[in-house]
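# Coordinate analysis (summary)
Spelled out from the first residue to the last, the chains are:
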Amino acid sequence: MGVEIDAGYTWTNGTHARLLHEGNRFPIKTITATDDIGTTADLVDNDLTIDKWKPFANLLTDPSNFAGADWTATNVTVGADGQTITETAVSGAHDLEQSVTWDSAGGNAVFAIDVDRQSLSEVRLLAFDGTNTRTCWFDMRDLTVGSVFNATGQIIALGGDSYRLKMYFTANSAAGRVEIQFGNGSEATSYGGSVDNTIKITRAVAHAGEASLRLDGFTGQAGTCFGIAAHNLGSGGARITFEHDSNADDTFTTIEAITPTDDSPIMFFFNAVTSARWRITVDRGALPEIGVVRVGDPLVFERARYAGASPARMNRATENVGNISRSGELMGRSVKRTILKEPMQWPRLSYAWVRANLDGPNGVIQSLESNAAFLAWRPETIPDVAYIMRATADAPQATGQVNLWSFAIDAEVHSYE
Amino acid sequence: MNETTVGREPVEVIEIITPKCVNVHGSAPCTATQTGDAKCFNTRATCNDVDNYQARPASHLTPTEILNQGDTGDRTLYDGTADFFASFDVSFPASPDGVVFDYTDATRGLYVCVTAGELIFRAGSVTPSAAGGTNTGRIAVAAAQFAGKSLTLYCLMDFTASGSTTIRLWAFDPIDLTLTLLGSDTYTAATTTWEAGVDPVVGASAGDTPTGEATVDFNGRITSARLYDSQSDPGLDVSPDAYRMRYFFDDGRKAKPSDDIYILPLLIGADTVGTRLNLTGSDDRYEPLGRRAFMSVNFADAPHSDHTVDPYRSDREYDPLKRATFWRKWLARNKFGRTRALVRRYTGYKGDALSAMQRQTYVVDRFSEAMESVTMSCRDVLSLTEFRRAQVPAPSPGKLDLALTDVATSLFLSGDRTASYPATGTLRIGDELMTYSAISYDAIDDQTDVTGLTRGTDGSTAQAHDIDSGVQLCRRYTDARVAQILEDLIVSDAQVPAQLVDLPKIQTEDDENLSAYVLSTVISEPTGVDQLVGELARDCSFYIWWNERRQIVDMQAIKPLSVVDKTFTQERDIIADSLKIEERPKERLTTISMYFQPRDFAADLEKPVNYEQQLVVSNAATSGLDLYGTLPQTRQIFSRWLGSEAQANQTGSRLSIRFADVPEYVTFRVDAKDRATWVGDFAKIEHDYLVDARGARLTDRRFLVIEAEEVMAGHSQRLVCVDVTLDGLIYLITANGIGTYTAELFSAANAFITDNNGLNPDGTPGATIG
């Protein structure tokens, strides 16, 4: 995802890097979450990517074991792994079903499954809230969303031949059920099955509602950017709405709503708003979670970077190891991924800029020593955002030219997908 | 993603499980009044109300009576019109049966038993016998799930006089620290009282048992029974993590398990040293019991938010991120709970559930702290059998209160020592063994009278003994079987919970392969359980080890093979250039001298002169000027266990066959695709290094995996195997219709009729009836 902007936003020096760090983020006095299953919402302010705000709990039991007692299988068999579903040859409906009590009215509810594509042609998700039925067909052959009824469907690639099939809809707060129905390619729910048709479902998720996280600062400050990291909004198919309450009347104004396309860090830029109250709202996602939220006014570097940069998201510090036999047979290959690397250098900086922005307790150097930061290194043209920590401490260096200086950061990049 | 996925992403997770108090600080039953920073962390080391600390269900309650197996309680202590609660620490045998608790007369009462394969909790009228009778509550669950486990059972009767009464039955697993509600039942009490007119009995019938239920004594072990008068809701909590804290760690890599768990990225690395079997104690580099499995886990230390760790985090006035580091705080909070805490290492692949991963289990031994890291050393469960932890017999506290002549038939111990000595037994004073037939406490003289002495038993000589001489209780086995002794030593003496010992398999191995070993001995001074188990393994030809993957003490008799689990080939399975072969010529044997039947069980058991019997088993097949030479290679075995020449001959012959040739140890690495192979498995190895004189591969050699270690979690593992070809191979007489001979059928352990020369149709040697 990376860089996102408000619809009315215009760039100034858009090729210059932006850095939202400890020195220019807004200090937060209180954090208030409307929903939080772990009472951990305040942890999004500590900048650890392991502590996350998790607004919703999965309403389904045995979400990864479809042989579990709460699932009812009709004309399908569940394999020993609890996840491989095979049609029987019986004519009729072929489905898995579980009762659900939707626990939040009005907001967007979500029903999603993660599948490994196999030979089965179609899947239909069905959600019933005691009054209304919502359905959505998914064609597994060409990975398209088919007919929908009172819902919106989405297919999210998870890598390899794995996909998340998701639909969102509004649900009453009432007892109902969800069904995972299977089809034969013509969007028919009653058909003669085949034992050759299989699909692997690795997880099912259902929950209702939308949730918001409110950040109250100490005083009104002119903010221009939200930073979000360690989230699953992209793979979860969630929507996030950025809001402010500049007149402090507990009525929040929407800045913009976006739907991230991946789980990489986000920097959302908007025209300056002076407010002490900020809020994000998430909905439509499968068990959304967010580890880091910041709001502030990022540093704009004095000059753009041109040569020598490598995008962190592709600069993967990945270790590959293989095992071969003496005769050269490949017996196995393992991948170990740790962090990304981002070496950066800014040449020809004026000493006045260096002193004003790099030095001091709120300057870049000390801020990066103490905490992680959001960096968009060429935001107008390159959408990549990195959540970085400085790995080595480089001091500004005089370049020998008319009082110009260069500054470099060799950064570790965290929370990158 | 699995072992065979190219580009698999291994996941390694360490889990630590520690006990946790189920109470909420300041809420009943917890009476702590502290607030904010002074609140506890639900651990014993930080508890503000120790009396009500409850890391095990109901541990805060005070029992009305505490009884042992066979004890009889006092019925007058219980109000028959009020509620009743009881808990029992029970070790279930492989096939449990019999009365656990009987508090019934011919009319009514409470009753717990195992009947016809079901664990029963019954209350109310003793008739009708059928489940669900109008005036009878009855809970029945399959008992097979408890076989070989040590559990605490909880029974509650929520009594309403002449009205609707509910009974509930729970089981607490002391290893996983989880409580399970096994069942409940509601019935109508027929009268205003439930109390039986008899005293309650633990482990046996009180006289009248409900119709249709077990009447025999319980065949397992009940180490404690706690009875609570008028106890209503004991506050038991069946939430999965009610009585435990689970901490998960990985190294911060992006690949994660699918479980929705909080994983701290503090793991630097985990090094394991696997169990190494020492077959028959032949490898003098290791103890007879072999090398114990070991794991060292290195953690980084860092500031932490206390998220999920501190139940009262929101009440604290301080910012936990600015107060010390995770491990410094954890160690202080878990000063006691970390002792013998369970540690599990999971290795699998990205997206796997932990339950689907390979799992190795250990117990925490110690922590060592460095500047920014903590190292946790873990050992396998059999380490509990070491001398410093478990001795048989346990050191006895008694001392002679008066000097003892060499003919006296009674002796006196200072103070009341009846709790430390059974009703009858064998004693050792100095170098003399003696038996006694009765023991009692004389309160007037404050001494314990031990009477009915038979002096100078078990080959020892009666002697006079001075006042204050120590009086050591001895352990005697008479005609005992291997399985029984192992259960005694490991479960009872070393206190390894029974669910961590594969008692059913030990029993099966004993029945099928070790039935010749009927053993009698006296152990007259404190001896490490590990030494005794090692002696048994050597003398009775079996091996025993901690199977860290199965989380159980495993055992196998040394015997001919019937199944080979896996064939490793150079081309498909063995990582290039990883195979090494080591010969151990010191282990070749030409002569085995078996010394058995000690003359004097109180004398030195390592001296040949102290044995009545000696059997020399020779195998000269590989000795000779043109062979390995004529110098004998002898092994002496001094056995306190073996009692007959037949037993000694069986052990000696097996050793003689196995070590007739120079043992070869083969070490190699395999890819994770073969990670299922582990210690105790049998394998064949086809490799260019294992050939005959003509360079042809030796494909029929059979190996036992004696050591296994995941070198790189989820990627490769190292196996050490020993050649067990000489142990022989078991073939089955084939069923009708299997068809004519093929090499494949033969290698699958099917025997065929051979030609007159004993050869199969393809010229290979056929099976013989031995």
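Residue numbers restart at each chain and count upward from 1, following the sequence in its written direction. Just so you know, chain letters begin at A and ligand numbers begin at 1, following the order they were written in. Where local features are concerned, this predicted model is filtered to residues with pLDDT of at least 70; where side-chain atom pairs are given and counted, the filter is 80 or more; whole-chain, interface and lining totals use all residues. Excluding hydrogens and water, the side-chain values take into account all heavy atoms of the structure.

Let us now look at helix H2 (residues 482–493) of chain B. Residues and elements named next belong to chain B. What counts as a helix is a DSSP run of H or I of at least four residues, what counts as a strand is a run of E of at least two, and both are numbered from the N terminus. Given the number of residues in a helix, its expected span is that number minus one, multiplied by 1.5 Å. Compared with an ideal rise of 1.5 Å per residue, which puts 12 residues at 16 Å, H2 spans 15 Å between its outermost C-alpha atoms and is within 8% of the ideal. Per-residue accessibility, obtained with a 1.4 Å probe over protein chains only, is compared with the maximum for each type, and a residue is labelled buried under 20%, exposed over 50%, and partly exposed between these values. When you tally the buried positions in H2, you get nine out of 12 residues, the bulk of the element. Every buried residue of H2 is accounted for by Val 482, Ala 483, Ile 485, Leu 486, Asp 488, Leu 489, Ile 490, Val 491 and Asp 493. Phi for Gln 495, located one or two positions after H2, is positive at around 55 degrees.

What follows is about the confidence of the model for chain A. One number per residue, pLDDT, summarises how confident the predictor is, and it ranges from 0 to 100. On average, chain A scores 90 in pLDDT, and the residues at 70 or more come to 97%. Mean pLDDT in chain A bottoms out at strand E25 (residues 330–350) of chain A, which sits at 82, and peaks at strand E11 (residues 133–139) of chain A, which reaches 97.

This part covers the interface of chain A and chain B. At the junction of the two partners, chain A supplies 28 residues and chain B supplies 36 residues. For any pair of parts, buried area is found by adding up, for both, the accessible area (1.4 Å probe) each one loses once the two are put together. Here chain A and chain B share an interface that buries about 2,600 Å² over both sides, 53% of which is from carbon and sulfur atoms. On the chain A side of the interface with chain B, the three residues burying the most area are Arg 326, Met 331 and Arg 337 of chain A, jointly 26% of the side's total. The salt bridge definition used is simple: a Lys or Arg side-chain nitrogen within 4 Å of an Asp or Glu carboxyl oxygen. Between the two partners, chain A and chain B, sit one salt bridge. A salt bridge links Lys 54 of chain A to Asp 260 of chain B, with the shortest nitrogen-to-oxygen separation between them at 3.2 Å. Side-chain atoms alone can form a polar contact between residues adjacent in sequence; in general such a contact is a pair of N or O atoms within 3.5 Å, and within protein one must be able to donate a hydrogen while the other accepts it. Where chain A touches chain B, the interface holds 12 residue pairs in polar contact (both at pLDDT 80 or more). Those elements that place two or more of their residues in the side of chain A that touches chain B are strand E24 (316–324) and E25 of chain A. Note on definitions: a residue-residue contact is assigned when non-hydrogen atoms from the two residues lie within 4.5 Å.

Our focus in this paragraph is the packing of H2 of chain B against helix H4 (residues 529–540) of chain B. All names here are of chain B. In this analysis an axis means a line fitted to C-alpha atoms, helices contributing only their contacting stretch, and an angle means the value between N-to-C directions, from 0 to 180 degrees. Relative to each other, H2 and H4 sit at 165 degrees, their axes nearing to 10 Å. It follows from the interaxial angle that H2 and H4 lie roughly antiparallel. As H2 packs across H4, the resulting crossing turns out to be left-handed. Between H2, through Val 482, Ile 485, Leu 486, Leu 489, Ile 490 and Asp 493, and H4, the contact on the second element is made entirely by Val 529, Leu 532, Val 533, Leu 536 and Cys 540. In these notes the angle categories are as follows: under 35 degrees is roughly parallel, over 145 is roughly antiparallel, 65 to 115 is roughly perpendicular, and the rest is oblique. With the far helix as reference, a near helix turned anticlockwise by less than a right angle produces a left-handed crossing, and one turned clockwise produces a right-handed crossing.

Between two packed helices, what matters for the description is the angle formed by their axes and the separation of those axes. All names here are of chain B. Their axes nearest at 8 Å, the elements H2 and helix H3 (residues 503–513) cross at an angle of 150 degrees. Judged on the interaxial angle alone, H3 and H2 are roughly antiparallel. Counting all contacts with H2, which are made through Val 482, Ala 483, Leu 486, Glu 487 and Val 491, the residues of H3 involved are Leu 503, Ile 506, Gln 507 and Asp 510. Here the contact of H2 with H3 is composed, by residue class, of six nonpolar, one polar and two charged. Classification convention: Asp, Glu, Lys, Arg as charged; Ala, Val, Leu, Ile, Met, Phe, Trp, Tyr, Cys, Pro as nonpolar; all other residues, Gly among them, as polar.

So, on to the pairing of strand E37 (residues 664–671) of chain B. All names here are of chain B. By the criterion of burial, E37 is predominantly enclosed, with seven of the eight residues buried. Between any two strands, at least two bridges found by DSSP are needed for them to pair. With four bridges connecting them, strand E33 (residues 580–583) and E37 associate as antiparallel partners. Bridge assignment links Ile 581 to a residue of E37, and that residue is Val 666. In the sheet, E37 pairs with strand E40 (residues 716–723) via seven bridges, with the strands oriented antiparallel.

All right, on to the confidence of the model for chain B then. All names here are of chain B. Chain-level statistics for chain B give a pLDDT mean of 87 and a share of 96% at 70 or above. Taking the mean pLDDT of every element in chain B, the minimum, 68, falls on strand E41 (residues 732–733) and the maximum, 96, on strand E23 (residues 432–436). With a pTM of 0.82, the predicted complex shows an ipTM of 0.79.

What follows deals with the packing of aromatic side chains. Here a pair means two rings of Phe, Tyr or Trp (six-membered ring of Trp) with centres within 6.5 Å. Their orientation is stacked below 30 degrees between planes, edge-to-face above 60, and tilted elsewhere. All chains considered together, the criterion is met by 46 aromatic pairs over all chains. Seen in terms of ring centroids, Phe 242 of chain A and Phe 268 of chain A are 4.2 Å apart; in terms of plane orientation they differ by 5 degrees. Their pairing is stacked. Of the two residues, Phe 242 of chain A is situated in strand E19 (residues 239–244) and Phe 268 of chain A in strand E21 (residues 266–283); the sequence distance between them amounts to 26 residues. The exposure classification of Phe 242 of chain A matches that of Phe 268 of chain A, with both residues buried. Ring geometry for Phe 249 of chain B versus Phe 299 of chain B: centroids 4.7 Å apart, planes at 55 degrees, classification tilted. Pair noted here: Phe 249 of chain B is in strand E13 (residues 244–249) and Phe 299 of chain B is in strand E16 (residues 294–300), with a separation of 50 residues, a long-range link. Given a relative accessible area of 0%, Phe 249 of chain B falls into the buried group. Overall, Phe 299 of chain B belongs to the buried group, its relative accessible area being 0%.

This part takes up the sheet that holds E23 of chain B. Residue and element names in this part refer to chain B. Taken together, three strands build an open sheet; the order of strands is E23-E22-E26 and the sheet is antiparallel. Each having just a single partner strand, E23 and strand E26 (472–473) make up the two edges of the open sheet. Relative to E23, strand E22 (residues 425–429) runs antiparallel, the two sharing five bridges. The partner of Gly 425 across the bridge, within E23, is Tyr 436.

What follows covers the pattern of salt bridges. All chains considered together, the criterion is met by 70 salt bridges over all chains. Ionic pairing is found between Asp 176 of chain B and Arg 344 of chain B, a salt bridge with its closest N-O pair at 2.7 Å. Here Arg 344 of chain B lies in strand E17 (residues 342–349) and Asp 176 of chain B lies in the loop between strand E9 (164–173) and strand E10 (178–188), a separation of 168 residues in the sequence. A relative accessible area of 21% places Asp 176 of chain B in the partly exposed class. In this structure, Asp 573 of chain B and Lys 673 of chain B form a salt bridge, with 2.7 Å as the shortest nitrogen-oxygen distance. Of this pair, Asp 573 of chain B sits in the loop between strand E32 (566–569) and E33 while Lys 673 of chain B sits in the loop between E37 and strand E38 (682–686); the two residues are 100 residues apart in sequence, bridging distant segments of the chain. Salt bridges here are not isolated pairs; linked through shared partners, they connect Glu 22, Arg 25, Asp 45, Asp 47 and Arg 294 of chain A.

Quick look at the sheet that holds E11 of chain A now. Residues and elements named next belong to chain A. Taken in spatial order, the six strands line up as E4-E8-E15-E10-E11-E12 in an open sheet, and their pairing is antiparallel. Looking at strand neighbours, the two that pair on one side only are strand E4 (72–74) and strand E12 (144–149), the edges of this open sheet. Across the sheet, the mean angle from the axis of one strand to that of its neighbour is 20 degrees, orientation sign disregarded. The sheet contact formed by E4 and strand E8 (residues 95–101) spans three bridges and is antiparallel. Looking at the pairing, Thr 74 lines up with Asp 95 of E8.

In this section: the environment of Thr 527 of chain B. All names here are of chain B. Locating Thr 527 in the fold gives a position in strand E29 (residues 527–528). Distance in space between the C-alpha atoms of Thr 527 and Gln 391 is 5.0 Å, their sequence separation being 136 residues. Of the polar contacts made by the side chain of Thr 527, one reaches the backbone oxygen of Glu 525; its length is 2.7 Å.

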